[in-house]
Amino acid sequence: MSRIIVITSGKGGVGKTTVTSNLGMALARCGRQVALVDADFGLRNLDLLLGLENRVVYTALDVLAGQCRLEQALVKDKRQEGVVLLPAAQNRMKEAVTPAQMKKLLGVLAQKYEYILVDCPAGIEMGFQNAIAAASEALIVTTPEIAAVRDADRVVGLLEAQGIKKIHLIINRLKPAMVQADQMMSVQDVQEILAIPLIGVIPDDERVIISSNRGEPLVLAEQVSLPGIAMNNIARRLEGEKIPFLDLMAEHDSLLNRIRRLFRG
Amino acid sequence: MTSDSAQQSPISTVSESDSVISTVSQSDPIVDCDSQVRLKKDGERLQLILPPESEIPGAANWSDLWQQLKQRLNGGERFWQENTPVHLMAQDQLLDALKLQAIADALLEIQLQLQRVYTTRRQTAVAAATAGYSVEQQAPTYSLETQPSEPAELLAEPLYLQLTVRSGVEIRHPGTIVILGDLNPGGAVIAAGDIFIWGRLRGVAHAGANGNRTCRIMALQMEPTQLRIADAVARAPGTLPEQIYPEVAYVAPEGIRISKATDFAKTHLLLNS
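S.K.: For the overall build of chain B, give the residues involved together with the corresponding values.
M.R.: Helix and strand content of chain B: six helices and 17 strands. Expressed as a percentage of the 273 residues in chain B, the buried residues total 38%. Long-range pairs, those at least 24 residues apart, make up 41% of the contacts in chain B between residues at least 6 apart in sequence.

Rendered as structure tokens:
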């Protein structure tokens, strides 16, 4: 049984595409057949982050229009076996596709691939409706900011109404030092509002930006980084392994901070 | 916003004399609590009542309606037996075969049987008949009389929901609302009667929406964006309380006040009896 997972957030810029590209690579490393689907028609980015932009020939729209076969549109990743990308069209709008068409497309992909990760556009309009149409599971990406959490909350409500019950939370770009100093929402604060199970916390790191710019997902890097490990752990948790969460706070848990917290009560 | 320097109480209050916020309450003097999907017991059957189409105009109509419907059905309210027949009061909603099927499937998921469809629209009646449901097409004027309209003073039976009221969700009910779960920021609960939140109240709660100032709002943890009782409006103080305990909001002569739930019972309920 293949799993169709939509990665969504409501708010833009919280890291949906970054998470999608890294999770795809990490799952393929676990030996899975993975298809990454860019549902962000008109503003496609997933090919950039995967470094596959120059190999895109056909897009999902060409497949739907019958101008090519599905296999022709799929871009295989040369660095990591088992990953293919179905690019979105860049020259069209979100209304160019209907939820029924998306369902059909993903249904065909589901016959061959074990994981289908759908990179959802920001917002809750047509593009969002398309992206979640065929999904059976969802990963909500949010950053520890009230605007992102508020939008994520709205999206969770919409997903539940759509009958998607398996929803997990990824908190991205956490800054442990700021949490420690009480300047940023903590993981608990976010969880308290969203009330959905947590599947991963990714610390804020400059290397994420560097890897995005180079089109090389972090999990493929030879030097392991903390965010890379966090992404890998999420992939393994999706696989059903029980993996303890990284202790992101440990580094910042100095004596001074402990005393400060003691006085704050 | 308003100045609350004169206020001693833990919550700053705004009465009608204040021009800034009272406009909020004046714009909708009587809040229409019937404008949402409702589930109602009617003898041996359940009535699933859709709001009239005019209440939710625009293209987003069906998806909004659908979200409300799913929420109401999955809200954990279980006052019915399995396989209870359901009568769908579609009013003037235009439902095609697909939408009827979706509703029937959603009902089936919680072991309810869609049996009969009441509608004032011909297309809906045709679609329902084609799908094999018994249909009752009412003349539009006739439906107005048979609409489940209680007299204004009489409240509907309490609505019990087990869910998280998330951002963007609004729950309206012409009676008392009990929610087992949190009311998140961005969400709203509007009741003609009292509001009980068995969880954290962080969004907007409006009790006594038809103008009843004796209504109360109760929550295990009161951190509202805004509280409204009848025509009074109040917002929470900027700082969070040190300790958390269940609280009750009520209308005092000077506006909305909040007190500890344990004290409230002593000072307000026993004195009155």
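And the narrative resumes.
S.K.: Go over the overall build of chain A, please, and point to the residues and values.
M.R.: Secondary structure assignment for chain A yields twelve helices and eight strands. C-alpha atoms of chain A, sized along the principal axes, occupy 65 × 40 × 35 Å. Here chain A, with 265 residues, has 48% of them falling under the buried criterion. In chain A, once contacts between residues fewer than 6 apart in sequence are set aside, the share between residues at least 24 apart is 77%.

S.K.: Before we move on, could you go through the packing of helix α7 (residues 146–161) of chain A against helix α9 (residues 187–194) of chain A and cite the residues and values that matter?
M.R.: All names here are of chain A. Taken N-terminus to C-terminus, the directions of α7 and α9 make an angle of 35°; their axes are 10 Å apart at the nearest point. Read as a crossing pair, α7 and α9 show a hand that is right-handed. Contacts between α7 and α9 pair Val149, Ala152, Asp153 and Val156 from the former with Val190, Ile193 and Leu194 from the latter. The class makeup of the residues in the contact of α7 with α9 is six nonpolar, no polar and one charged.

S.K.: With reference to specific residues and values, describe the sheet that holds strand β8 (residues 198–203) of chain A.
M.R.: All names here are of chain A. Reading across from one edge, β3-β4-β2-β5-β1-β6-β7-β8 is the order of the eight strands in this open sheet, with mixed pairing throughout. Sheet topology places β3 (75–76) and β8 at the edges, where each strand pairs with a single neighbour. The pairing of β3 with strand β4 (residues 83–86) spans two bridges and is classified as antiparallel. Following the sheet pairing, Lys76 is matched in β4 by Val84. Along the sheet face, helix α11 (residues 226–238) touches β7 (166–174) and β8 and points at about 170° away from the line of β8.

S.K.: How would you sum up the sheet that holds strand β2 (residues 38–42) of chain B? Please name residues and give values.
M.R.: Paired through backbone hydrogen bonds, the strands of a sheet run either parallel or antiparallel to each other. All names here are of chain B. If you trace the five strands from one edge of the open sheet to the other, you get β2-β3-β4-β5-β6, paired in mixed fashion. This sheet does not close on itself; its edge strands, each paired only once, are β2 and β6 (134–137). Shown here is a sheet whose adjacent strand axes are inclined to one another by a mean of 25°, direction ignored. By the bridge criterion, four bridges tie strand β5 (residues 112–119) to β6 in an arrangement that is parallel. Bridged to Thr119 within β6 is Gln137. Lying on the sheet, helix α3 (residues 97–109) is in contact with β4 (84–91) and β5; it crosses β5 at an angle near 145°. Seen against the sheet, helix α4 (residues 122–130) touches β4, β5 and β6 and runs at an angle of roughly 165° to β6.

S.K.: If you had to explain the pairing of β4(A) to someone new, which residues and values would you point to?
M.R.: Residues and elements named next belong to chain A. Neither face of β4 is left uncovered, since the one carrying Val83 and Leu85 and the one carrying Val84 and Leu86 both have all their residues buried. Across four bridges, the pairing between strand β2 (residues 34–38) and β4 is parallel. Bridge assignment links Val34 to a residue of β4, and that residue is Val83. What sits between β3 and β4 in their antiparallel hairpin is a turn of six residues, with Gly82 showing a positive phi close to 95°.

S.K.: Run through the interface of chain A and chain B, naming residues and quoting values.
M.R.: Each partner contributes to the interface: chain A provides nine residues, whereas chain B provides 13 residues. Broken down by element, the side of chain A that touches chain B gets its largest block of residues, seven residues, from α7(A). Residues of the side of chain A that touches chain B, tallied by class, amount to five nonpolar, one polar and three charged.

Rules used throughout
Residues numbered from 1 in each chain as written. Chains lettered and ligands numbered in written order. Predicted model: local features only at pLDDT ≥ 70, side-chain atom pairs only at ≥ 80, totals over all residues. Helix = DSSP H or I, 4+ residues; strand = E, 2+ residues; numbered from the N terminus. Buried ≥ 20, exposed ≤ 12 C-beta atoms within 10 Å, placed from the backbone. Contact = placed C-beta atoms within 7 Å. Axes fitted to C-alpha atoms, helices over the stretch in contact; angles between N-to-C directions. Left-handed = near helix turned anticlockwise from the far one by under 90°. Nonpolar A, V, L, I, M, F, W, Y, C, P; charged D, E, K, R; others polar. Pairing = 2+ DSSP bridges.

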